[in-house]
2 protein chains.
Amino acid sequence: MRIYIIAVGDELLSGRILDYNTHWVAKRLSGIGFTVVGASMVPDDKGEIVEAVRRALSKADLVIITGGLGPTPGDVTIEALAEALNQNLILNEEALRMVERRYMDLYELGHVREPGAGGERAKMALLPEGGKPVFNEVGVAPGVVVKKNGKLIVALPGVPSEMMYLLEKVIPLLEKPEAMYQSVEDFIDEGDESLVALALKEVMNELPDVFIKTYPSGFGGKVRMKVIASTKARGREDAEAKLRKAITLLKEKVAKRKAEAPS
Amino acid sequence: MRIYIIAVGDELLSGRILDYNTHWVAKRLSGIGFTVVGASMVPDDKGEIVEAVRRALSKADLVIITGGLGPTPGDVTIEALAEALNQNLILNEEALRMVERRYMDLYELGHVREPGAGGERAKMALLPEGGKPVFNEVGVAPGVVVKKNGKLIVALPGVPSEMMYLLEKVIPLLEKPEAMYQSVEDFIDEGDESLVALALKEVMNELPDVFIKTYPSGFGGKVRMKVIASTKARGREDAEAKLRKAITLLKEKVAKRKAEAPS
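Keep in mind that this is a model prediction, so the values were computed, not measured.

1. Here we look at the overall build of chain A
Part 1 of the reasoning: For chain A, the helix and strand inventory stands at eight helices and eleven strands.
Part 2 of the reasoning: Rg of the C-alpha trace for chain A: 23 Å, well past the compact-globule value of 18 Å for 263 residues, more than 25% over.
Part 3 of the reasoning: In terms of overall dimensions, chain A has C-alpha extents of about 75 × 40 × 35 Å along its principal axes.
Part 4 of the reasoning: Expressed as a percentage of its 263 residues, the buried residues of chain A come to 54%.
Part 5 of the reasoning: For chain A, the centre of its 36 positive side-chain charges and the centre of its 38 negative side-chain charges are spaced 5 Å apart.

Structural data, given as structure tokens:
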């Protein structure tokens, strides 16, 4: 299942707020075997969101959108989502009860002056036709899940605590991948990325189903390079032996090149 | 000048690394008056990068790409950039001297075994035809600046310290915006976003050149809402009075609605 993530919000593009949501979603879903194929950040602009959702649907099976679900005029994500899917925006009774319930809680806690889901509050109960609301016990705006042509679109609030909470409620709805990326990390005591690059090319030619990337941790002092080898496999055991072998091969090749280099 | 930011790297999409670069570039360039219109995150895949660059050029005057400039086989940003611009990838003599100079430094410091810019190292001196290298005193791979059809494309390394350093060298090359977004921040002692939303609509109708967004800081305890009002202006002074007026108006309207609401 390929995943595309869209973060919505002017405050992200102006740099006022760091978008932590995309990282969180990517890490959480990659960790259970999904592949995130891309992500984008768009302003609170209906046309831009519509375009981003359509492009995401052309690239992925699951699109996760964060931000723009609140009651203010700047929150246009759900409206844009309906347009992107060519679906009507309708008042969802289940969502309306969710909004009412949360405002009753907040009223009883003394955080708002009135209960009820009237006026601007009702906006949070508008969903694309056929969409399902997900109850938001942390904030107010329900999450929204829409199925369309075998694809799934999930819209979550932008407040990280609400987004993280609702993401966990959405994960059980997803079909778990059978084979998933397994990876092994190690270090090579060599800081010259250009020397490692040649050895890397050879290893990846010899083991075409293993993908290896190296990450220098900067020059100076103790010179090391992080190595991450990954492959797609059904089980951890199958993958691990293969990946360890690839890294050993890489280390041998790097050592050989070091020995050949003038010192 | 509209800006689009592209972050390249498998490690960003898998959630192994948080992309801090996009936030940094967005914050730095918004702070001097540019408008970031969008951002995306793509894997180390030539086709995906080509597509992202072309789309970015359709939306912005300046495209900033971070990541994928190193010597490993996974680093394909510059190759993709050349393809996106329909330009040849050629060995740039100036870039080659920069790479040589950095490897001489690193050799003298004992961080690499050989000086010189041969083998895989020469890859970092390949630039789209007409591109200009920017010397990278922090790492090795030069930044790349390309002008095409009145637009500017800047590719920077993904290592944040190198990216931040090179960004500062690129900023003086940009045409400063005459009018820039000015903003004023304040707080409203009201946590009910739905109540503020109505007042906000009225203020924005009365003052159409002022844009206001509110950010709830969560419910409970001391209930407040951050308000950011912004407008485009040549000077800080012109903007400030107008923005303060807008916020005062908003506060008055919120207070009025609070007084009307049942308590």
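2. As for the interface of chain B and chain A
Part 1 of the reasoning: Between chain B and chain A, the contact holds 63 residues from the first and 63 residues from the second.
Part 2 of the reasoning: Linking chain B with chain A are 14 salt bridges.
Part 3 of the reasoning: Two residues, aspartate 44 of chain B and lysine 213 of chain A, come together in a salt bridge whose shortest N-O distance is 2.5 Å.
Part 4 of the reasoning: Counting across the interface, chain B meets chain A through 20 residue pairs in polar contact (both at pLDDT 80 or more).
Part 5 of the reasoning: When contributions to the side of chain B that touches chain A are tallied by element, the ones reaching two or more residues are α1 (10-13), α2 (21-30), β2 (35-42), α3 (46-59), α5 (93-108), α7 (193-206), β10 (211-216) and β11 (225-233) of chain B.
Part 6 of the reasoning: Grouping the constituent residues of the side of chain B that touches chain A by class yields 27 nonpolar, 14 polar and 22 charged.
Part 7 of the reasoning: As paired elements, strand β2 (residues 35-42) of chain A and β2 of chain B share three bridges and run antiparallel to each other.

3. Regarding the packing of α2 of chain B against helix α6 (residues 160-170) of chain B
Packed helices, taken two at a time, are described by the angle between their axes plus the distance between the axes.
Residues and elements named next belong to chain B.
Part 1 of the reasoning: Orientation of α2 relative to α6, taken along the N-to-C sense of each, is 20°, at an axis distance of 10 Å. Taken as axis vectors, α2 and α6 run roughly parallel relative to one another. Considering only the axes of α2 and α6, their crossing is right-handed. Of α6, the residues touching α2 (which contributes Asn21, Trp24, Val25 and Arg28) are Pro160, Met163, Met164, Leu167 and Glu168.
Part 2 of the reasoning: Among the residues forming the contact of α2 with α6, the class breakdown is six nonpolar, one polar and two charged.

4. A look at the domain arrangement of chain A
Part 1 of the reasoning: Annotation of chain A at the domain level lists domain 1 (2-173) and domain 2 (180-260).
Part 2 of the reasoning: Spacing between the C-alpha centres of domain 1 of chain A and domain 2 of chain A amounts to 39 Å.

5. Focus: the relation of the copies chain B and chain A
Part 1 of the reasoning: When chain B is brought onto chain A, the operation consists of a screw motion whose angular component is 180° and whose axial shift is 0.0 Å, with 0.1 Å RMSD remaining. In short, the pair behaves as if placed about a two-fold rotation axis. No C-alpha of chain B lies nearer the rotation axis than that of serine 40 of chain B, which sits 2.0 Å from it.
Part 2 of the reasoning: The fraction of interface residues of chain B whose copies in chain A are also interface residues reaches 100%, indicating that both copies meet through the same surface.

6. Structural notes on the confidence of the model for chain A
Part 1 of the reasoning: Averaged over every residue, the pLDDT of chain A is 91; the share at 70 or more is 95%.
Part 2 of the reasoning: Across the interfaces of the predicted complex, the ipTM metric reaches 0.83, alongside a pTM of 0.84.

7. Description of the sheet that holds strand β9 (residues 180-188) of chain A
Residue and element names in this part refer to chain A.
Part 1 of the reasoning: The strand order across the open sheet formed by three strands is β9-β11-β10, and the pairing between neighbours is antiparallel. Sheet topology places β9 and β10 (211-216) at the edges, where each strand pairs with a single neighbour. Strand-to-strand twist across the sheet, computed as the mean angle between neighbouring axes with direction ignored, equals 20°.
Part 2 of the reasoning: Bridging between β9 and strand β11 (residues 225-233) involves nine bridges; their strand directions are antiparallel. Each residue of the ladder has a partner; that of glutamine 182, found in β11, is threonine 231.

8. Focus on the sheet that holds strand β9 (residues 180-188) of chain B
All names here are of chain B.
Part 1 of the reasoning: Across the sheet, which stays open at both edges, the three strands sit in the order β9-β11-β10 with antiparallel pairing between neighbours. On the outer flanks of this sheet lie β9 and β10, each paired with one strand and no other. When strand polarity is set aside, the average angle formed by the axes of neighbouring strands in this sheet is 20°.
Part 2 of the reasoning: Running over the sheet, α7 touches β10 and β11 and is turned about 170° from β10.
Part 3 of the reasoning: Relative to the sheet, helix α8 (residues 236-260) contacts β9, β10 and β11, its axis offset from that of β9 by approximately 30°.

9. Examining helix α7 (residues 193-206) of chain A
Part 1 of the reasoning: Under the 1.5 Å per step criterion, the end-to-end length of α7 of chain A is 20 Å for 14 residues, consistent within 8% with the ideal 20 Å.
Part 2 of the reasoning: Where the residues of α7 of chain A are buried, they touch β10, β11 and α8 (236-260) of chain A together with α5 of chain B.

10. Section: the environment of leucine 91 of chain B
All names here are of chain B.
Part 1 of the reasoning: Among the structural elements, leucine 91 can be located in strand β4 (residues 89-91).
Part 2 of the reasoning: On the basis of relative accessibility, which here comes to 38%, the residue leucine 91 falls in the partly exposed class.
Part 3 of the reasoning: Between the C-alpha atoms of leucine 91 and glutamate 129, which are 38 residues apart in sequence, the distance is 8.6 Å.

11. Brief notes about the packing of aromatic side chains
Residues and elements named next belong to chain A.
Part 1 of the reasoning: According to the stated counting rule, one finds two aromatic pairs over all chains in the structure shown.
Part 2 of the reasoning: Summarising the aromatic geometry, the rings of tyrosine 20 and tryptophan 24 are spaced 6.3 Å apart at their centres and angled 50° between planes, so their arrangement reads as tilted.
Part 3 of the reasoning: Taking the relative accessible area as the measure of exposure, tyrosine 20 reaches 33% and is therefore partly exposed.
Part 4 of the reasoning: A residue is classified by how much of its surface remains accessible, and tryptophan 24, at 28% relative accessible area, is partly exposed.
Part 5 of the reasoning: Sitting over the face of the ring of tyrosine 103, arginine 121 holds its NZ or CZ atom 3.7 Å from the ring centroid.

12. Section: helix α3 (residues 46-59) of chain A
Given 3.6 residues per turn, any residue in an α-helix points the same way as the ones three and four places further on.
Part 1 of the reasoning: With 14 residues, α3 of chain A should cover 20 Å at 1.5 Å per step; its first-to-last C-alpha distance of 20 Å lies within 8% of that length.
Part 2 of the reasoning: Here α3 of chain A starts with a cap whose side-chain oxygen sits 3.1 Å from the backbone nitrogen of glycine 47 of chain A, and that cap is aspartate 45 of chain A.

13. Quick look at the packing of α3 of chain A against helix α4 (residues 77-84) of chain A
All names here are of chain A.
Part 1 of the reasoning: For the pair α3 and α4, the least separation of the axes is 8 Å and the interaxial angle reads 50°. In terms of their interaxial angle, α3 and α4 are classed as oblique. Of the two elements, α3 crosses α4, and the hand of that crossing is right-handed. Between α3, through Lys46, Ile49, Val50, Val53 and Arg54, and α4, the contact on the second element is made entirely by Thr77, Glu79, Ala80, Leu81, Glu83 and Ala84.

14. Here's the deal with the side chain of glutamate 162 of chain B
Part 1 of the reasoning: In this fold, glutamate 162 of chain B is placed in helix α6.
Part 2 of the reasoning: In this structure glutamate 162 of chain B touches Asn136, Val138, Gly139, Val140 and Pro157 of chain B, once residues within four positions along its chain are discounted.

15. Remarks on the side chain of threonine 66 of chain B
Residues and elements named next belong to chain B.
Part 1 of the reasoning: Take threonine 66: it is sitting in strand β3 (residues 62-66).
Part 2 of the reasoning: Using a relative accessible area of 1% as the deciding quantity, one classes threonine 66 as buried.
Part 3 of the reasoning: With near-sequence residues (within four places) excluded, threonine 66 lies in contact with Ile6, Ala7, Val8, Asn21, Leu156, Pro157, Gly158 and Met163.

About the criteria used
- Residues numbered from 1 in each chain as written.
- Chains lettered and ligands numbered in written order.
- Predicted model: local features only at pLDDT ≥ 70, side-chain atom pairs only at ≥ 80, totals over all residues.
- Heavy atoms only, no water.
- Helix = DSSP H or I, 4+ residues; strand = E, 2+ residues; numbered from the N terminus.
- Rg over C-alpha atoms; globule rule 2.2 N^0.38 Å.
- Buried < 20%, exposed > 50% of the residue type's maximum accessible area, 1.4 Å probe, protein only.
- Lys, Arg positive; Asp, Glu negative; His and termini not counted.
- Charge placed at Lys NZ, Arg CZ, Asp CG, Glu CD.
- Contact = heavy atoms within 4.5 Å.
- Salt bridge = Lys/Arg side-chain N within 4 Å of Asp/Glu carboxyl O.
- Polar contact = N/O pair within 3.5 Å; in protein donor to acceptor, adjacent residues only side chain to side chain.
- Nonpolar A, V, L, I, M, F, W, Y, C, P; charged D, E, K, R; others polar.
- Pairing = 2+ DSSP bridges.
- Axes fitted to C-alpha atoms, helices over the stretch in contact; angles between N-to-C directions.
- Parallel < 35°, antiparallel > 145°, perpendicular 65-115°, else oblique.
- Left-handed = near helix turned anticlockwise from the far one by under 90°.
- Domains from an automatic or database assignment.
- Least-squares fit on C-alpha atoms with pLDDT ≥ 70 in both.
- pLDDT = per-residue confidence, 0-100.
- Expected span 1.5 Å × (residues − 1).
- Phe/Tyr/Trp six-rings, centres within 6.5 Å; stacked < 30°, edge-to-face > 60°.
- Lys NZ or Arg CZ within 6 Å of the ring centre and 35° of its normal.

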